[in-house]
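# Inside the fold
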Amino acid sequence: MATVELRFSALPEHVRTARLVAAAVARRAGVDESVLDEVRLAVGEACSRAVGLHQRGGIGGAVRVALTDQEKRFLIEVEDEAGLDAVPAAGAAEGGEADEDTLGLAVITGLVEDLEVTNGASGGVIRMSWPVSVASVAV
Amino acid sequence: MDLSLSTRAVGDRTVVEVGGEIDVYTAPKLREQLVELVNDGKYHLVVDMEGVDFLDSTGLGVLVGGLKRVRAHEGSLRLVCNQERILKIFRITGLTKVFPIHTSVDDAVAATD
């Protein structure tokens, strides 16, 4: 079970909340202060992408963010409910949706070493994790 | 924190001072501002990002869109930024090669190349 789980309506105004919660839980789990900015940004990108997929697919639904404090890693999963139809094809019109999607994924890829992106018929998941500094676990 | 925007003319340049967080929620406001300026014939823009606390790819997309718009009128879009965490996002995405990034508004306004 996730340490903290968050579900929000797939709307842009809630992405900031997800960033703040993720950063707070990561700090408490012992993720190094110097990495928290990256965690905040990566979660924001993953959630923005999920919201974008929902909006492009014209579907409501929720984005789920699971924050799990494993012993040596802090795991974040961002799950959308948009199907494959919402995922823009690579090389779509310049300046269009594919560009935004590509830019978001480029930022996540550049930030996160341990990253897995999967797209499925009933939605996709972005999994990312960061090391936890055992010595600095919050009391 | 929300997004704050203010504009002022310095010579033939228009300085857009941005503060707060540029993300998927607030980026459309920045897009509107840039589109409005270009529609008003302001083709040489300096976007001062010193007051920006957070920037994500949606914000980058808006800046790239702004650059395309001013370039269509032989204009320019320069950025002012000294914050490492913001600059890092430009480096990761390779956009440091696309945008002229200056350390001060004075420097950006004086730049001609």
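Residues numbered from 1 in each chain as written. Chains lettered and ligands numbered in written order. Predicted model: local features only at pLDDT ≥ 70, side-chain atom pairs only at ≥ 80, totals over all residues. Heavy atoms only, no water.

Applying the stated rule across the entire model yields 1 aromatic pair over all chains. A ring pair is formed by F90 of chain B and F99 of chain B, whose centres lie 5.9 Å apart and whose planes are at 85 degrees; its orientation type is edge-to-face. By the burial criterion, F90 of chain B is buried, and F99 of chain B matches it. The ring of F54 of chain B carries R19 of chain A above its face, with NZ or CZ at 3.8 Å from the centroid. (Phe/Tyr/Trp six-rings, centres within 6.5 Å; stacked < 30°, edge-to-face > 60°. Buried < 20%, exposed > 50% of the residue type's maximum accessible area, 1.4 Å probe, protein only. Lys NZ or Arg CZ within 6 Å of the ring centre and 35° of its normal.)

Note on helix geometry: an α-helix contains 3.6 residues per turn, so any two residues three or four positions apart are oriented the same way. Residue and element names in this part refer to chain A. The first and last C-alpha atoms of helix α2 (residues 33–57) sit 37 Å apart over 25 residues, in line with the 36 Å expected at 1.5 Å per residue. Counting buried residues in α2 gives 19 out of 25 residues, a clear majority hidden from the surface. With its phi angle positive at about 65 degrees, G58 sits one or two positions after the end of α2. (Helix = DSSP H or I, 4+ residues; strand = E, 2+ residues; numbered from the N terminus. Expected span 1.5 Å × (residues − 1).)

So, about the side chain of T14 of chain B. All names here are of chain B. With respect to the helices, strands and loops of the structure, T14 is situated in strand β2 (residues 13–22). Using a relative accessible area of 5% as the deciding quantity, one classes T14 as buried. Setting aside anything within four residues of it in sequence, one finds T14 in contact with T7, R8, L37, K42, H44, L45 and V46. (Contact = heavy atoms within 4.5 Å.)

A few words now on the interface of chain B and chain A. Counting residues at the interface gives 19 residues for chain B, matched by 21 residues for chain A. Summed over both sides, the interface between chain B and chain A buries roughly 1600 Å², with carbon and sulfur atoms accounting for 60% of that surface. Scanning the region where chain B abuts chain A turns up 5 salt bridges. We note a salt bridge from E21 of chain B to R16 of chain A, for which the minimum N-O separation is 2.6 Å. (Buried area = accessible area lost by both parts, 1.4 Å probe. Salt bridge = Lys/Arg side-chain N within 4 Å of Asp/Glu carboxyl O.)

Let us look at the UniProt feature "domain: STAS" (unreviewed entry) in chain B. Mapped onto this numbering, the UniProt entry annotates "domain: STAS" (unreviewed entry) at residues 3–112 of chain B. Segment residues 3–112 of chain B splits into 39% helix and 34% strand. End C-alpha atoms: 29 Å apart. (UniProt positions renumbered as here; feature names shortened; annotations may be inferred.)

Residue and element names in this part refer to chain B. Spatially, 5 strands are ordered β1-β2-β3-β4-β5 in an open sheet, and the strand pairing comes out mixed. Edge positions in the sheet fall to β1 (3–10) and β5 (101–102), since each has one partner strand and no second. Across the sheet, helix α1 (residues 27–39) is in contact with β1, β2 and β3 (44–55); its angle to β1 comes to roughly 20 degrees. (Pairing = 2+ DSSP bridges. Axes fitted to C-alpha atoms, helices over the stretch in contact; angles between N-to-C directions.)

Here the focus is the nonpolar core. Membership of the largest hydrophobic core comes to 65 residues, with the highest contact counts inside it found for I76 and M128 of chain A together with M49 and F90 of chain B. Apart from the residues within four sequence positions on either side, M128 of chain A is in contact with A42, V43, A46, F74, L75, I76, V78, I108, V112, D114 and L115 of chain A. (Core = buried A, V, L, I, M, F, W, Y, C linked by side-chain atoms within 4.5 Å.)

What follows covers the sheet that holds strand β4 (residues 114–120) of chain A. Residue and element names in this part refer to chain A. What the 5 strands build is an open sheet, ordered β1-β2-β3-β5-β4; its pairing is antiparallel. In the strand order of this sheet, the two ends are held by β1 (4–9) and β4, each with one partner. Each neighbouring strand pair of the sheet contributes to a mean axis angle of 10 degrees, computed without reference to strand direction. Each of β1, β2 (62–69) and β3 (73–79) touches helix α1 (residues 15–29); the most contacted strand, β1, lies at about 175 degrees to it.

What follows is about the pattern of salt bridges. Any two side chains of opposite charge can pair, given that their charged atoms come close. The full count for this structure, using the stated rule, is 17 salt bridges over all chains. In this structure, E81 of chain A engages R7 of chain A in a salt bridge whose closest nitrogen and oxygen atoms are separated by 3.9 Å. On the criterion of sequence distance, the pair formed by E81 of chain A in the loop between β3 and α3 (97–111) and R7 of chain A in strand β1 is long-range, its members being 74 residues apart. Classification of E81 of chain A by relative accessible area gives partly exposed; the value is 37%. The exposure class of R7 of chain A is exposed, given its relative accessible area of 53%. With a closest N to O distance of 3.2 Å, K29 of chain B and D2 of chain B form a salt bridge. On the criterion of sequence distance, the pair formed by K29 of chain B in helix α1 and D2 of chain B in the segment before β1 is long-range, its members being 27 residues apart. When its relative accessible area of 32% is taken as the criterion, K29 of chain B is described as partly exposed. According to the relative accessible area criterion, D2 of chain B is partly exposed, its value standing at 43%. Overlapping salt bridges, with partners in common, bring together R16 and R19 of chain A together with E21 and D23 of chain B in one network.

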